[in-house]
Amino acid sequence: MYSTILRERSGSIWSRLILSRNMGGGPRTFPGGLNKWQWKRMHEKKAREKENKLLDQEKQLYEARIRSEIRAKMLGGGNRDSNENTAAKKPNQSHGPLSPQEHIKSLADRFMKAGAEDLWNEDDGPVVKGSRLNRVGNGGSRSSSVIDVRRLGSVGGDGRRGFSSMSRGGRFKRNESSCDEGDEFDGRKFDTLSPFSPGFAGKKEKVKSVSNVVRNKGLFGRRKFRKNDSSTEEEDSEEEDGKMGGWMDVRRTGSSASLGNHDFRLTKRVQRNVSEEELYPPLDINDVREDLSKRKSVENVVEESGEPRDSIYSGRRFDESSISPLTLKALSASGIVKMTRVQDATLSECLDGQDALVKAKTGTGKSMAFLLPAIETVLKATESSNGVHRVPPILVLILCPTRELASQIAAEGKALLKYHDGIDVQTLIGGTRFKRDQQRLQSEPCQILIATPGRLLDHIENKSNITSRLMALKLFVVDEADLLLDLGFRRDVEKIIDCLPRQRQSLLFSATIPKEVRRVSQLVLKRDHSYIDTIGLGCVETHDKVKQSCLIAPHESHFHLVPHLLKEHINNTADYKIIVFCSTGMVTSLMYNLLREMKLNVREIHARKAQLHRTRVSDEFKESKRLILVTSDVSARGMNYPDVTLVIQVGIPSDREQYIHRLGRTGREGKGGKGLLLIAPWERYFLDELKDLPIEPIQVPDLDSRFKLEVDESMGKIDTSIKEAAYHAWLGYYNSVRETGRDKTTLAELANRFCYSIGLEKPPALFRKTAVKMGLKGISGIPIRK
Ligand SMILES: Nc1ncnc2c1ncn2[C@@H]1O[C@H](COP(=O)(O)OP(=O)(O)OP(=O)(O)O)[C@@H](O)[C@H]1O
């Protein structure tokens, strides 16, 4: 009956349409009171949606088919295709439109630029015991390898490890992704790459560990990864600070959510369920011996140079190198004569035009290690060019994660260019007007550009003439490379790389280079790049002169303990300079307000603050003594605040690397310092990640009741909205930490304890949508807004 009515109704509509069309001009109104164009647009939209849905379904089916195919091969079906040659002869055998080989080839095309083509090969796929390993080994014959780093990789003895652990849904590495407010995470999904994604095989690289040059023959297992599905702040989408990602579980890890107007920091830490040995099989003992003996001989050289063992300097002087006299003049004007070890180890390699991945401890002069070759590159290119450009091309591009760091590197570059006429450095960073950037780039052309990825990409995508100016690029530097190649930034970096010429030199620098980053570094670097590690095998990334301690105390006592610890340090250190790191911007803000109420000399920096404020405070903190800076992770990387005497980290950092970078704000240029990690008993598990670092546990100090009262009174004076925002941020942060995020009831309890400890009478309600996203709807203790 309904269908008859419908037919009748639709019939009447169509007959009316036809009738009116015959009358000319078409109907004035369509069903629902829509006009002709609205009606047309509605149908177009519906068609598009349908098409997208179909495409999505098709994509999912395709991926599922490939996954099951791989799983089948891994779980005993391996024999079916054990002969890779056979597989190679039968493309399209069972993968519908694309065989794995074709698929890899298509991915290879995407990444096909100098150095990246070898991320992929036709053999990529489930590896059969022996055969692949042997082939890779043979392929590596031209290497003068000391350590077969291939064995570090996930393709181990049975040749299937990396892949099999993945296909089992295994986790690879904790995922760390933390974003401070204003990051670019806002709701963007970083989609899953194909199961074949970063599968790297059979590659070579030179590995130079202070002295020893080792060829890395390829350490490449497979990873499937997905950026956290997290949404954060809406405010400044360009802000990159604190934007971090990490390798993830094959499955989506934890839940995360938008916290509306509250800041958010996302961390997913995924515990391994495959052993370290399984992922990174042990090195051959002979290789290690050879490596160590080489290292010893270099250490002797360093000792012979007259520099103390723990000195950051190598003993070589800059005037012994081939850098230009004008740069030398600028160096000596700044009182810089001797090279640090990282500068010594990298300078000749970088000046030779080699690609390099460089690891050196925090505060040892990495910026200068890439700025000096950058200047030489410009000099060389300008000499050889005929100088006919109306606007000089950008010859050097330096990418770094935060605005403050970009400005700092630019200032250092300008100091080195003091006596060079006609060479200039510019920055492209968020927090400034886009149009103004364009005008500045036009009116004050530069050869060296220092940029944060988001803003540079904005310029590239908005078709300002930056893309054409980048066509002549000679040198591409990525500072804090592990962070920029991690998932939070990698897509942007990939897009930027797509705009750069293939013929270029690339340098990656960081104080921490996890093995995973070594693997993906080939997205940027050429196959034959050097790996220069001035820290060395078996040595820790932190400085001996920095005394590290850990204090484990209930979370609700942290707001009492921090002022106590600060006062204690201030009383014992005449020229104190302290940085307090908090987990999110809004918690930073709360801590800042508390310390200010307690009449401490304190400043705050986090991504919620306007750029003008951030720059002003950062500059002030650089120059000052007897000052406390409370900050989120925007200050964790690269910032060179001289003479910091103490770094306090409140709550667990996003990962081991972040702990090292935060700690690295003290003990710079070979000086001493102190670091204190303040965590709650239930955060103790994080210490496992730091177990190789010399961290001393310390006793929880006794706080007298008068002091506690003083803190409570000061807390009482803080605006409730700041506390509520801090509670939400806290909840968001720990909800996204895997260990705490998966047990929502416990999380709610912990959050409530935090809430009472900051003087809130009851937990502030969450938006329903937010609670749903966070998986907290219906959890007792989590109030929802009506
Ligand atoms: N050869 C040198 N002699 C004296 N001072 C130097 C030398 N090289 C660099 N410096 C100074 O050392 C300080 C730290 O350098 P820089 O910020 O480049 O360290 P970094 O290794 O990049 O640290 P991070 O890992 O935290 O980014 C700076 O003030 C820099 O000017």
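Computed from a prediction, not measured in an experiment: that's the story for all the values here. (Residues numbered from 1 in each chain as written. Predicted model: local features only at pLDDT ≥ 70, side-chain atom pairs only at ≥ 80, totals over all residues. Heavy atoms only, no water.)

1. Quick word on the packing of aromatic side chains
Aromatic ring pairs: the centre-centre distance and the angle between the two ring planes describe each pair.
At step 1: Taken as a whole, this structure holds eight aromatic pairs when the rule is applied.
At step 2: Between F621 and Y641, the ring centres sit 5.0 Å apart and the planes meet at 75°, which makes this aromatic pair edge-to-face. Of this pair, F621 sits in helix α21 (residues 611-623) while Y641 is found in the loop between β15 (627-631) and β16 (646-650), placing the two residues 20 residues apart along the sequence. The exposure classification of F621 matches that of Y641, with both residues buried.
At step 3: When the centroid spacing of 6.2 Å and the interplanar angle of 75° are considered together, the rings of W682 and W730 count as edge-to-face. Placement of W682 in the loop between β17 (673-679) and β18 (695-698) and of W730 in helix α24 (residues 720-736) is noted, with a sequence separation of 48 residues between them.
At step 4: Classification of W682 as partly exposed rests on a relative accessible area of 23%.
At step 5: Through pairs of rings, three or more aromatic residues link up here, namely F559, W682, W730, Y733, Y734 and F754.
At step 6: Taking NZ or CZ as reference, R518 lies 3.9 Å from the ring centre of Y531, over its face. (Phe/Tyr/Trp six-rings, centres within 6.5 Å; stacked < 30°, edge-to-face > 60°. Helix = DSSP H or I, 4+ residues; strand = E, 2+ residues; numbered from the N terminus. Buried < 20%, exposed > 50% of the residue type's maximum accessible area, 1.4 Å probe, protein only. Lys NZ or Arg CZ within 6 Å of the ring centre and 35° of its normal.)

2. Brief notes about the packing of helix α10 (residues 341-351) against helix α11 (residues 366-384)
At step 1: For the pair α10 and α11, interaxial distance at closest approach is 9 Å and the crossing angle is 25°. By the criterion of interaxial angle, the relationship of α10 to α11 is roughly parallel. Crossing of α10 against α11: the hand is right-handed. Taken together, the residues of α11 that come into contact with α10 (itself represented by V342, Q343, T346, L347, C350 and L351) are K366, M368, A369, L372, P373 and E376.
At step 2: The residue inventory of the contact of α10 with α11, partitioned by class, reads eight nonpolar, two polar and two charged. (Axes fitted to C-alpha atoms, helices over the stretch in contact; angles between N-to-C directions. Parallel < 35°, antiparallel > 145°, perpendicular 65-115°, else oblique. Left-handed = near helix turned anticlockwise from the far one by under 90°. Contact = heavy atoms within 4.5 Å. Nonpolar A, V, L, I, M, F, W, Y, C, P; charged D, E, K, R; others polar.)

3. Thoughts on helix α17 (residues 487-498)
At step 1: Its twelve residues place the ends of α17 17 Å apart at the C-alpha level, agreeing with the 16 Å of an ideal helix rising 1.5 Å per residue.
At step 2: The buried count for α17 comes to nine of twelve residues, which makes it a mostly enclosed element.
At step 3: Looking at α17, one finds that the buried residues are L487, G488, F489, R490, D492, V493, E494, I496 and I497. (Expected span 1.5 Å × (residues − 1).)

4. Looking at helix α19 (residues 558-572)
An α-helix turns once every 3.6 residues. As a result, residues three or four positions apart point the same way.
At step 1: Taking 1.5 Å of rise per residue, the 15 residues of α19 would be expected to cover 21 Å, and the 21 Å separating its terminal C-alpha atoms lies within 8% of that figure.
At step 2: Taken as a whole, α19 has its buried residues at H558, F559, H560, L561, V562, P563, H564, L565, L566 and H569.

5. A look at the confidence of the model for the protein
Detailed conclusions should not be drawn from predicted coordinates in areas where pLDDT is low.
At step 1: When pLDDT is averaged along the protein, the result is 74, and 64% of the positions lie at 70 or above.
At step 2: Within the model, pLDDT remains below 50 along residues 1-27, and this stretch shows eight contacts once partners closer than five positions in the same chain are excluded.
At step 3: The low-confidence segment residues 294-301 (pLDDT under 50) makes eleven contacts with residues lying over four places distant or belonging to another chain.
At step 4: Here the complex is predicted with pTM 0.68, and the ipTM for its interfaces comes to 0.99. (pLDDT = per-residue confidence, 0-100.)

6. Structural notes on the site of the ligand
At step 1: In the neighbourhood of the ligand, 21 residues make up the surrounding shell, with K338, Q343, G363, K366 and N640 lying closest.
At step 2: At a separation of 3.2 Å, an oxygen atom of the ligand approaches a polar backbone atom of G365.
At step 3: S367 is positioned with one of its side-chain polar atoms (N or O) 2.8 Å from an oxygen atom of the ligand.
At step 4: Burial of the ligand by the surrounding chains reaches 91%, relative to a free accessible area of 640 Å².
At step 5: Every element with two or more residues in the shell around the ligand is listed here: β4 (338-340) and α11.
At step 6: For the shell around the ligand, the element with the highest residue contribution is α11, accounting for three residues.
At step 7: Of the residues that constitute the shell around the ligand, the class distribution is four nonpolar, nine polar and eight charged.
At step 8: Mapping the shell around the ligand onto the domain boundaries places at least three of its residues in each of domain 1 (313-533) and domain 2 (546-703). (Near = heavy atom within 4 Å. Polar contact = N/O pair within 3.5 Å; in protein donor to acceptor, adjacent residues only side chain to side chain. Areas by Shrake-Rupley, 256 points an atom, 1.4 Å probe, with all protein chains shown as cover. Domains from an automatic or database assignment.)

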